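One-letter residues, chain by chain:
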2 protein chains.
Amino acid sequence: MTLEEKILARIKPSPEEKKKLEEVASELLEKVSKAARTLEVSDIIPKLVGSAARNTWISGTHDLDIFISFPADTSRDDLENNGLLIAREVAKEGENIEERYAEHPYLNMHYGGFDVDLVPCFAVDSASEIISAVDRTPFHNEFIKMAIPGREDDVLIMKQFMKGTGTYGSELRTQGFSGYLTELLTIHYGSFRNTLRNACNWKPGLTIDMLEHGSIKHKDPLVVIDPTDPKRNVAAALSMNQFARFIDAAREYTEEPTEEFFFPKQKKAMKDDEIIDMITSRRSSFVAICFTPPDLVDDILYPQLDKMEHSVRSLFEEYEFQVLNSGYWVNEEAMILIELTTSQLPLVKKHRGPPVWAYGHAKGFKDKYIGSDELFSLYLEDGFYVADIRRKFSTAKELLEGRMHHCSLGKHLGKAVESGFTVLENTDIAKINDPGFRRFLRKWEQGK
Amino acid sequence: MTLEEKILARIKPSPEEKKKLEEVASELLEKVSKAARTLEVSDIIPKLVGSAARNTWISGTHDLDIFISFPADTSRDDLENNGLLIAREVAKEGENIEERYAEHPYLNMHYGGFDVDLVPCFAVDSASEIISAVDRTPFHNEFIKMAIPGREDDVLIMKQFMKGTGTYGSELRTQGFSGYLTELLTIHYGSFRNTLRNACNWKPGLTIDMLEHGSIKHKDPLVVIDPTDPKRNVAAALSMNQFARFIDAAREYTEEPTEEFFFPKQKKAMKDDEIIDMITSRRSSFVAICFTPPDLVDDILYPQLDKMEHSVRSLFEEYEFQVLNSGYWVNEEAMILIELTTSQLPLVKKHRGPPVWAYGHAKGFKDKYIGSDELFSLYLEDGFYVADIRRKFSTAKELLEGRMHHCSLGKHLGKAVESGFTVLENTDIAKINDPGFRRFLRKWEQGK
C-alpha cells in the first residue's frame, strides 16, 4: 500500500457516509420543490452543487450546498424575497438557522448532521452572463462533473496535501487554492503525482487555459482560465506566498514523501524558557501591540489584521525603526507582533535640508533650526545643509503611544484599537499564556 | 573706517615690509644670474613669481617663489641637473636647505627671513604648450600683473576672508580656492564686495570664462577658465563642500559683516564634561580608531586620511552599521572618528535568498542553511526564501578588529594601521587630552 493509498483510506468517505449524504441531499432537494409549490413560486430548480455533488469531499466534512435556481428574467427583489421564503420553509425542520449575506442573502442551517447552505441564484445561459457571483457555481458544477470521473481520488489526496501544507482555501485568511481550482489543476495534470511534479517547476505568470479560450491578461502569480468563463482567473485569490509555498512543498514532497505533508503534527506551544531563549538569542527587539478583537467573520477580520500589520510596519519604517519580521495572532486577544533590529534609536536624527544654492530654501532651513532647542548641529555635506536634530520618538513604545492613532486601520480594528491597546516588549510577551499564541511564535523557528 | 578698511590695515604689508621683500627678491634674482654665469649655464632667466611678484601677499607671509627659466628646447635632464646646480649655488648662503619634488626636483630654503623656493622651469611660448606643470606659473604671473593694478587690496581682503572661513588653499588638505583663483575672481567681479554679492547666487556648474576661449567641458562645481590656457579649469581642485561653504559664508557676511569672518576666534578645547554631555545627549555611538600617523607631507597624508575615513564608513555600512557622521584628526596621534546610530546590532540578520521558482538556486540556499548552526529560521517572503542567520560581527569593535585589515587604505596609512590600532568607544574618547582633538570635536556642535 503506497503512502498515497494510505492517505486516501483515511480521507475517502465510506459507502455508508456517502449514502447518508446522498439521502440528506435528496430529502432537501425534495423539500425545496415542495416548499416552492406550497408558496406558489413556479419555475425554480433545486440543485446540489459543490464538492458533495462532485464526489470530491473529504470524509468528515459534512457540507451541503443547495442552490435554488430562478429563471434569469426574475427581478432581484423577487429572487431575494421568494428565495428566502422557500429557504425558511425548508429550514423549519433545521437547527441554528442563520441568514447570511454574500451578494444577496441566503440561509445557513444545521440539518441531519450537515452544515447546509440554501442559496438562491439566477439560471443564466452561460457563466459569462451571470447576474450574481453565485450564479457561476452551477456551471462549475457541470464542468467538473463532466471532466472529473476517474480522478476523484486524486482530488481528495490533493486537497488533503494542500490542507496539510496550509495552502488550501481561497478565503482572505488563507489566500490559497480553492476547491474548484484544486479540481481543475488535478484534471489538467491528470493526477496528484503529476500535478506536484509539474508544480516543482512553476514560475509566476504560468497560465493554464484548458479550453484555450482565455480573453484577458491577468497579472496574478498563477492564472488558470475558468473553463466556464474566458474572462476569469480561477486562481485570482492565490497570493504570491501561497503560490511559492505550494511549489516549495511540492519539491519537498517529491524528494521525500511522508505522511506529515498531509497530516502535520500540531506544533507545541512554546514554553516560557523557550520564548526567552528565542528572543535573547536573536538580540533583536520584539514589540507586541495587544488589543481586544471585535467579533467579526474571518473574511472581514483577517484582511483588517493584515492591513494593521502593514500599517504598523510602515509607521515604524517612517520613524526609522528597522523592521525585521512581523505577524499577527488572534483568539480571545489580538496581537500585532513586530521584530525590530532595535526598539531604541539614538536621540539624534540626521535631517537633510536643501542644497546651499537653493538660496530661499536654504535661508528657511537655517532660520528654522539655528537657535532651536531641537538642534544638535547644522553643517554642510556634499553641498547640502544637514541638521542633526532631536528625534521625536526614540523608542518604539513612545512611537506607538504617540502615533498609533494616525495609522491607517480598517473600520472595525480602528475602533478596537482606539478603545485601548497595550504594548509588550521582548520577553514580556511571555505574559500571554494562550497556547495558540505560543504555537504562533514557532514562526520564528521555521525551517530549523 | 569701514570694517573692510580695518581688516586691510591689519593685513596689508607696510612700505618697510614691502621694501624688505623687494630687496631680498632682487638679491636672489641677482644671485641666480651670477650662479648661472659661474656654472657656465647660458640662456636662463630668473623670475620672481607668485603673490610676492603681484603685490597680493598678506603681511607676515614671507614666501618668495624664484623661477629659473630654461629655453624650451632644454632636455629634461639638463634642466633638472643645471637647475639644481644653480639653486645649490644660490643656497650656499641660505639655511634649512631641502630638495623637494613636484614633477621635477626644486630647492627650498630659508634666506633673509623668507621661505624661498628655487624652481627650474621651461620657457615655453604659451601656457598650452607647457612641458612641466610649473611652466604655467610665469604665464599666470604675467596675466595677473597685467590685470590686477588697482585691485590688489580687494585681493588681500578676499584672501583673508577665505582664510578666516577655511576656504583658502588648493592643497589636498583644504580643497579650497588657490591664490590665482582668488585673484581671477576678484578681477572678474571687480571687487571683494561684488565677488561676495555674486557668490550668494552661485550654483554648481557656474562657468567664468573671462576671455571667452574655453575649449573643454568641465564637470567641477565651479569652472573658471584659465586666461592663459583655454583647456584648464583653475577651480578644478575646489571641492563641492568648499564651494558650498564659500557661498554660505558670502551670504552670512552680506547679511551681517563682522570681523569674525576674517579672524575667527579659535574654538575652545572641549572639557571632559562637555564631551560626555555631547555624546550622552545624542544617544548615538562614537567609535574612534586611533593609531600612530606616519611622518608625511600634508599632500600625501590628508588624502590618505580621507580615503581611510571613507573606507571605514564603507566597512560599517557593508556590515549594516548605520553611519551618522565621521571625521579625522591628526597630530601626534591620528584618529578616524565615526558616529554610528548604534555600535551594537542584533545577532540576527536577515539574509534574502533566491525566489522559490529559481529551482537550482533555491535548493542550494536551503541546503546551505537548513541544519546549520548559523540559522535562526528560514521562511518565504514575497516568493523569496529568507534565512534569519547569525550575524558575524554584531558590535562595531568586533568588526574593526576582524575586518580593518581588509579596508582599502593608502600605502602609508595601511602600514601604520597594520602595525596596530586601538578602538575607543563613546565617552572613552575623552581619554585623549590633545587640545587640537578637543577643538576638532566642536564639529559636532557646528551651527549651534
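- An unreviewed UniProt entry annotates chain A as CCA-adding enzyme of Methanolobus profundi.
- Under the Subunit (unreviewed entry) heading, UniProt states for chain A: "Homodimer."
- According to the UniProt record, the Sequence similarities (unreviewed entry) comment for chain A reads "Belongs to the tRNA nucleotidyltransferase/poly(A) polymerase family. Archaeal CCA-adding enzyme subfamily."

1. Looking at the overall build of chain A
Link 1 in the chain: Regarding its fold elements, chain A presents 15 helices and 15 strands.
Link 2 in the chain: C-alpha atoms of chain A, sized along the principal axes, occupy 85 × 55 × 45 Å.
Link 3 in the chain: The burial tally for chain A puts 51% of its 448 residues in the buried class.
Link 4 in the chain: For chain A, the separation between the mean place of its 57 positive charges and that of its 72 negative charges on side chains is 5 Å.

2. Notes on the interface of chain A and chain B
Link 1 in the chain: Opposite the 53 residues of chain A that make contact, chain B presents 52 residues.
Link 2 in the chain: Regarding the contact of chain A and chain B, the summed buried area is about 4500 Å², with carbon and sulfur atoms giving 52% of it.
Link 3 in the chain: Three residues, A:R251, A:W357 and A:Y359, lead the burial of chain A against chain B; their summed loss comes to 15% of the area buried on that side.
Link 4 in the chain: For the pair chain A and chain B, the interface holds 6 salt bridges.
Link 5 in the chain: B:E252 is the partner of A:K366 in a salt bridge, and the nearest nitrogen-oxygen pair spans 2.3 Å.
Link 6 in the chain: For the interface between chain A and chain B, the tally reads 32 residue pairs in polar contact (both at pLDDT 80 or more).
Link 7 in the chain: At 10 residues, helix α9 (residues 240-255) of chain A tops the list of elements feeding residues into the side of chain A that touches chain B.
Link 8 in the chain: A class-by-class count of the residues in the side of chain A that touches chain B yields 23 nonpolar, 12 polar and 18 charged.

3. A closer look at the packing of aromatic side chains
Link 1 in the chain: Taken as a whole and judged by the stated rule, the model has 46 aromatic pairs over all chains.
Link 2 in the chain: Their ring planes at 90° and their centres at 5.6 Å tell us that A:Y253 and A:F262 sit as a pair that is edge-to-face. By the burial criterion, A:Y253 is buried, and A:F262 matches it.
Link 3 in the chain: Every member of this aromatic cluster is reached through a ring pair, and the members are A:F161, A:F177, A:Y189, A:F192, A:W202, A:F243, A:F246, A:Y253, A:F261, A:F262 and B:W357.
Link 4 in the chain: Its guanidinium or amino end placed over the ring of A:F263, A:R10 lies 3.6 Å from that ring's centre, counting from NZ or CZ.

4. Focus on the UniProt feature "binding site: ATP" (unreviewed entry) in chain A
Residue and element names in this part refer to chain A.
Link 1 in the chain: UniProt marks S51, R54, H140, K159 and Y168 with the feature "binding site: ATP" (unreviewed entry), using the numbering shown here.
Link 2 in the chain: Within the secondary structure layout, R54 lies in helix α3 (residues 51-54).
Link 3 in the chain: What R54 contacts, discounting residues up to four positions off in sequence, is T137, H140, N141, I144, K145, I148, E152, Y180 and E183.
Link 4 in the chain: Along the chain, the position of Y168 falls in the loop between α6 (152-165) and α7 (179-189).
Link 5 in the chain: Each residue touching Y168, except ones within four places of it in the same chain, is listed here: K159, M162, K163, T174, F177, S178, G179 and T182.

5. Considering the pairing of strand β14 (residues 384-390) of chain A
All names here are of chain A.
Link 1 in the chain: Along β14, 5 of the 7 residues are buried, which leaves the element largely enclosed by surrounding structure.
Link 2 in the chain: Across 6 bridges, the pairing between strand β12 (residues 348-355) and β14 is antiparallel. Counted as the bridge partner of V348 is R390 from β14.
Link 3 in the chain: Taken together, the 6 bridges between strand β13 (residues 375-381) and β14 define a ladder with antiparallel strand orientation. Bridge assignment links S377 to a residue of β14, and that residue is D388.
Link 4 in the chain: What sits between β13 and β14 in their antiparallel hairpin is a turn of 2 residues, with D382 showing a positive phi close to 55°.

6. Here's the deal with the sheet that holds strand β4 (residues 105-111) of chain A
Note on sheets: strands pair through backbone hydrogen bonds, and any given pair is parallel or antiparallel.
Residue and element names in this part refer to chain A.
Link 1 in the chain: An order of β1-β2-β5-β4-β3 is seen for the 5 strands of this open sheet, with the pairing classed as mixed. A single partner strand is all that each edge strand has here, and the edge strands are β1 (45-49) and β3 (95-101). Recorded for the sheet is a direction-independent mean angle of 25° between the axes of neighbouring strands.
Link 2 in the chain: Pairing of strand β2 (residues 63-71) with strand β5 (residues 114-123), which is carried by 9 bridges, proceeds in the parallel orientation. What sits directly across from D63, in β5, is D115.

7. Details of the sheet that holds β14(A)
Link 1 in the chain: Read across the open sheet, the 3 strands follow the order β12-β14-β13 (chain A); overall the sheet is antiparallel. Among the strands making up the open sheet, the edge pair consists of β12 and β13 of chain A. On average, each strand axis in the sheet is inclined to that of its neighbour by 20°, with strand direction left out of account.
Link 2 in the chain: Against the sheet, helix α9 (residues 240-255) of chain B touches β13 and β14 of chain A, its axis set at about 120° to β13(A).

8. As for the pattern of salt bridges
Link 1 in the chain: For the coordinates displayed, the defined rule picks out 54 salt bridges over all chains.
Link 2 in the chain: Between A:D272 and A:R438 there is a salt bridge, with its nearest N and O atoms 2.7 Å apart. In this pair, A:D272 is assigned in helix α10 (residues 272-282) and A:R438 in helix α15 (residues 435-440), connecting sequence segments 166 residues apart.
Link 3 in the chain: The exposure class of A:D272 is partly exposed, given its relative accessible area of 41%.
Link 4 in the chain: The class for A:R438 is buried, based on a relative accessible area of 6%.
Link 5 in the chain: Residue B:D367 is joined to B:K363 by a salt bridge in which the shortest nitrogen-to-oxygen separation is 3.3 Å. Note that B:D367 and B:K363 are positioned in helix α12 (residues 359-369) at a spacing of 4 residues, about one turn of the helix.

9. With respect to the relation of the copies chain A and chain B
Link 1 in the chain: Mapping chain A onto chain B calls for a screw motion: a turn of 180° about the axis and a shift of 0.1 Å along it, with 0.1 Å RMSD after fitting. What the superposition gives is, in effect, a two-fold axis relating one chain to the other. Among all C-alpha atoms of chain A, that of A:T342 lies closest to the rotation axis, at 4.6 Å.
Link 2 in the chain: A symmetric contact is evident, with 98% of the interface residues of chain A recurring at the interface of chain B.

10. Notes on the UniProt feature "domain: tRNA nucleotidyltransferase substrate binding" (unreviewed entry) in chain A
Link 1 in the chain: Those places that UniProt annotates as "domain: tRNA nucleotidyltransferase substrate binding" (unreviewed entry) correspond, in this numbering, to residues 153-263 of chain A.
Link 2 in the chain: Structurally, residues 153-263 of chain A is divided into 43% helix and 12% strand, and its ends, taken at the C-alpha atoms, are 17 Å apart.

11. A few points about the domain arrangement of chain A
For an interface, size is often stated in terms of accessible area lost upon the parts coming together.
Link 1 in the chain: By the assigned domains, chain A splits into domain 1 (10-134), domain 2 (152-261), domain 3 (272-344 + 394-445) and domain 4 (348-390).
Link 2 in the chain: Just the C-alpha atoms count here: the centres of domain 1 of chain A and domain 3 of chain A sit 41 Å apart.

12. Here's the deal with unusual backbone geometry
Link 1 in the chain: Despite not being glycine, A:D43 shows a phi value in the positive range, around 70°.
Link 2 in the chain: Tracing the backbone through its elements, the reader meets A:D43 in the loop between α2 (15-38) and β1.

13. Remarks on the packing of helix α2 (residues 15-38) of chain B against helix α4 (residues 76-91) of chain B
Residues and elements named next belong to chain B.
Link 1 in the chain: Where α2 meets α4, the closest approach of the two axes is 9 Å, and the angle between their N-to-C directions is 125°. Overall, the two elements α2 and α4 adopt an arrangement that is oblique. Seen along the crossing, α2 lies across α4 with a hand that is right-handed. Side by side, α2 and α4 meet where L28, K31, V32, A35 and A36 of the first sit next to I86, E89 and V90 of the second.
Link 2 in the chain: Looking at the contact of α2 with α4 residue by residue, the class counts come to 6 nonpolar, no polar and 2 charged.

14. Topic: helix α7 (residues 179-189) of chain B
Residues and elements named next belong to chain B.
Link 1 in the chain: By the criterion of burial, α7 is predominantly enclosed, with 9 of the 11 residues buried.
Link 2 in the chain: Of the residues making up α7, those classed as buried are Y180, L181, T182, E183, L184, L185, T186, I187 and Y189.
Link 3 in the chain: Positive phi shows up at G190, right after α7, with a value of about 90°.

15. Quick notes on the side chain of B:T74
Residue and element names in this part refer to chain B.
Link 1 in the chain: Here T74 lies in the loop between β2 (63-71) and α4.
Link 2 in the chain: Within polar-contact distance, the side chain of T74 engages the backbone oxygen of P71 at 2.6 Å.
Link 3 in the chain: T74 has contacts with L79 and F122, leaving out every residue within four places of it along the chain.

Cut-offs used in this document
- Residues numbered from 1 in each chain as written.
- Chains lettered and ligands numbered in written order.
- Predicted model: local features only at pLDDT ≥ 70, side-chain atom pairs only at ≥ 80, totals over all residues.
- Heavy atoms only, no water.
- UniProt positions renumbered as here; feature names shortened; annotations may be inferred.
- Helix = DSSP H or I, 4+ residues; strand = E, 2+ residues; numbered from the N terminus.
- Buried < 20%, exposed > 50% of the residue type's maximum accessible area, 1.4 Å probe, protein only.
- Lys, Arg positive; Asp, Glu negative; His and termini not counted.
- Charge placed at Lys NZ, Arg CZ, Asp CG, Glu CD.
- Contact = heavy atoms within 4.5 Å.
- Buried area = accessible area lost by both parts, 1.4 Å probe.
- Salt bridge = Lys/Arg side-chain N within 4 Å of Asp/Glu carboxyl O.
- Polar contact = N/O pair within 3.5 Å; in protein donor to acceptor, adjacent residues only side chain to side chain.
- Nonpolar A, V, L, I, M, F, W, Y, C, P; charged D, E, K, R; others polar.
- Phe/Tyr/Trp six-rings, centres within 6.5 Å; stacked < 30°, edge-to-face > 60°.
- Lys NZ or Arg CZ within 6 Å of the ring centre and 35° of its normal.
- Pairing = 2+ DSSP bridges.
- Axes fitted to C-alpha atoms, helices over the stretch in contact; angles between N-to-C directions.
- Least-squares fit on C-alpha atoms with pLDDT ≥ 70 in both.
- Domains from an automatic or database assignment.
- Parallel < 35°, antiparallel > 145°, perpendicular 65-115°, else oblique.
- Left-handed = near helix turned anticlockwise from the far one by under 90°.

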